Amino acid sequence: MRETIIRTVSGLLYTSILVASILSSEIIFICLFYLLSLVCLVEMQKLLRLKSYALYFLQALLFYLFSFLKFNQDATILLLLITVFVNLFLVKDLLVVKKIPVFEKKKYIIIIFYLISSTIFLTLIPTIEGVFIPKLVIGIFFLIWTNDTFAYLVGKNFGKRKLYEKISPNKTIEGFLGGLVFTCLMSYAIWYYSPMFPTKLADFGKFNTPGIWLGMAIIISIFGTLGDLIQSKFKRQAGVKDSGKLMPGHGGLFDRLDSIIFASPFIYAYLYILNYVS
């Protein structure tokens, strides 16, 4: 009971800080996710048994160039293509090989593209139209939280068939499908009820259509789950239960953000294509 209370309080505090900072201003939003990414980088280096101060400098430089300056769209698309390729390669390693190979050079590639640049694309999502639309990324976080919550609840109460037992014994196919269904329902709710919000909260730009939100829900459910499984495989290889101890009852910060970090470049690519063709 005590652990549940601690988990609930820390989760609510985390959610409140996240939403308040996203709504405040673009600079505060980017600064927050730079700090969150910094903590995740510390935790990720521990998982990979790596200690490189150069990665902290590179992280700061990439955030400055891409998140703050948004200095070159062609460079952003190149970074997106490399990030998507690396993430899909990790999916292949998740499904095919017994252990994700993490020899020295690949450790740097994984951290730069799987973690750092993926987080950068999360900061770029609300400015994909050229103006800052914070409600867009808040809606995406609501989809992630819905998927995580209902995948857990449905899996716990109705799950019988394991999704990927050797990596995450508690995940079930029923839980995944439950998360997918409720995330799709939440996407419809975000679209349907947004006109009832105050104007500031209802502005999602041109992306506020049921079809677009449904597409994001499907991407988040699939790639969010894959991101969680990939991080679970890293933790299993490292022989640890959690990536850290920053959030009481939740483990490390990377444990909370692994799904959205992995899914963010795919969401950005989806919205970029929609914005481009429209």
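Residues numbered from 1 in each chain as written. Predicted model: local features only at pLDDT ≥ 70, side-chain atom pairs only at ≥ 80, totals over all residues. Heavy atoms only, no water.

Participant: I tried to follow the overall build of the chain on my own but got confused; where do I start?
Facilitator: Across its full length, the chain holds ten helices and two strands. Secondary structure elements in the chain, listed N-terminal to C-terminal, are α-α-α-α-α-α-β-β-α-α-α-α. Each of the 278 residues in the chain was classed as buried or not, and the buried ones make up 50%. Sequence-distant contacts in the chain: of pairs separated by 6 or more residues, those separated by 24 or more amount to 76%. Surface exposure of the chain reaches about 13700 Å², of which carbon and sulfur atoms provide 69%. (Helix = DSSP H or I, 4+ residues; strand = E, 2+ residues; numbered from the N terminus. Buried < 20%, exposed > 50% of the residue type's maximum accessible area, 1.4 Å probe, protein only. Contact = heavy atoms within 4.5 Å. Areas by Shrake-Rupley, 256 points an atom, 1.4 Å probe, with all protein chains shown as cover.)

Participant: How do you make sense of the packing of aromatic side chains when you look at a structure like this?
Facilitator: The geometry of two aromatic rings is summed up by the distance between their centres and the angle between their planes. With the rule as written, the count across this model stands at 22 aromatic pairs. Judged by centre distance (5.4 Å) and plane angle (50°), the rings of tyrosine 188 and tryptophan 191 are tilted. Taken as a pair, tyrosine 188 and tryptophan 191 lie in helix H7 (residues 173-193) at a separation of three residues, close to a single helical turn. Judged by its relative accessible area of 44%, tyrosine 188 is partly exposed. On the basis of relative accessible area, tryptophan 191 is assigned to the partly exposed category, the value being 26%. Three or more aromatic residues link up through ring pairs in this structure, and these residues are Phe29, Phe33, Phe132, Phe141, Phe142 and Trp145. Positioned over the ring face of phenylalanine 89 is lysine 92, at 4.3 Å from the centre of the ring. (Phe/Tyr/Trp six-rings, centres within 6.5 Å; stacked < 30°, edge-to-face > 60°. Lys NZ or Arg CZ within 6 Å of the ring centre and 35° of its normal.)

Participant: Explanation requested: the nonpolar core in the structure shown.
Facilitator: One broad rule of soluble globular proteins: the nonpolar side chains tend to lie buried together. In terms of nonpolar packing, the biggest core is built from 77 residues, with Met44, Phe141, Phe234 and Ile267 touching the most fellow members. When neighbours within four sequence positions are excluded, isoleucine 267 is seen to be in contact with Ile125, Ile140, Met216, Ile219, Ile220 and Ile260. (Core = buried A, V, L, I, M, F, W, Y, C linked by side-chain atoms within 4.5 Å.)

Participant: How do you make sense of the pattern of salt bridges when you look at a structure like this?
Facilitator: Two side chains with opposite charge may pair up if their charged atoms get near one another. The full count for this structure, using the stated rule, is six salt bridges. With a shortest N-O distance of 2.2 Å, lysine 171 and aspartate 228 are connected by a salt bridge. One end of the pair, lysine 171, is in strand S2 (residues 168-172); the other, aspartate 228, is in helix H9 (residues 210-238), with 57 residues separating them in the sequence. Between lysine 235 and aspartate 255 there is a salt bridge, with the nearest N and O atoms lying 2.9 Å from each other. On the criterion of sequence distance, the pair formed by lysine 235 in helix H9 and aspartate 255 in helix H10 (residues 253-277) is long-range, its members being 20 residues apart. Judged by relative accessible area, which is 14%, aspartate 255 ranks as buried. Three or more residues are tied together by salt bridges with common partners; here these are Lys92, Asp93 and Lys106. (Salt bridge = Lys/Arg side-chain N within 4 Å of Asp/Glu carboxyl O.)

Participant: Is there a simple way to explain the packing of helix H4 (residues 73-96) against H9 in this structure?
Facilitator: To describe two helices that pack against each other, one gives the angle between their axes and the distance between the axes. Running from N to C, H4 and H9 cross one another at 65°; their axes reach a closest spacing of 10 Å. Between H4 and H9 the crossing geometry is left-handed. For the pair H4 and H9, the contacting residues are Leu88, Leu90, Val91, Asp93 and Leu94 in the first and Phe223, Leu226, Leu229, Ile230, Lys233 and Phe234 in the second. (Axes fitted to C-alpha atoms, helices over the stretch in contact; angles between N-to-C directions. Left-handed = near helix turned anticlockwise from the far one by under 90°.)

Participant: Honestly, the UniProt feature "transmembrane region" (unreviewed entry) in the chain in this entry has me stumped. Any pointers?
Facilitator: The residues that UniProt annotates with the feature "transmembrane region" (unreviewed entry) are residues 12-41, 53-71, 77-96, 108-126, 132-154, 175-193, 213-232 and 253-273. Secondary structure content for residues 12-41 is 97% helix and 0% strand, while the C-alpha to C-alpha distance between its ends is 23 Å. Strand forms 0% of residues 253-273 and helix 100%; the C-alpha atoms that close the span are 30 Å apart. (UniProt positions renumbered as here; feature names shortened; annotations may be inferred.)

Participant: What is the right way to read unusual backbone geometry from this model?
Facilitator: Residues apart from glycine generally show negative phi values, whereas peptide bonds are mostly found in trans. Within the chain, arginine 49 stands out as a residue other than glycine whose phi angle is a positive 55°. For lysine 70, which is not glycine, the phi dihedral falls at a positive 45°. With respect to the helices and strands, lysine 70 occurs in the loop between helix H3 (53-69) and H4. Its relative accessible area of 32% is what places lysine 70 among the partly exposed residues.

Participant: I'm lost on a positive patch on the surface in this one. Help?
Facilitator: Taken together, the side chains of Arg49, Lys98, Lys99 and Lys166 present a region of like positive charge at the surface. Structurally, the position occupied by lysine 99 is in the loop between H4 and helix H5 (104-124). (Patch = residues over 30% accessible without salt bridge, like charges linked within 9 Å, V, L, I, M, F, W, Y side chains within 5 Å. Lys, Arg positive; Asp, Glu negative; His and termini not counted. Charge placed at Lys NZ, Arg CZ, Asp CG, Glu CD.)

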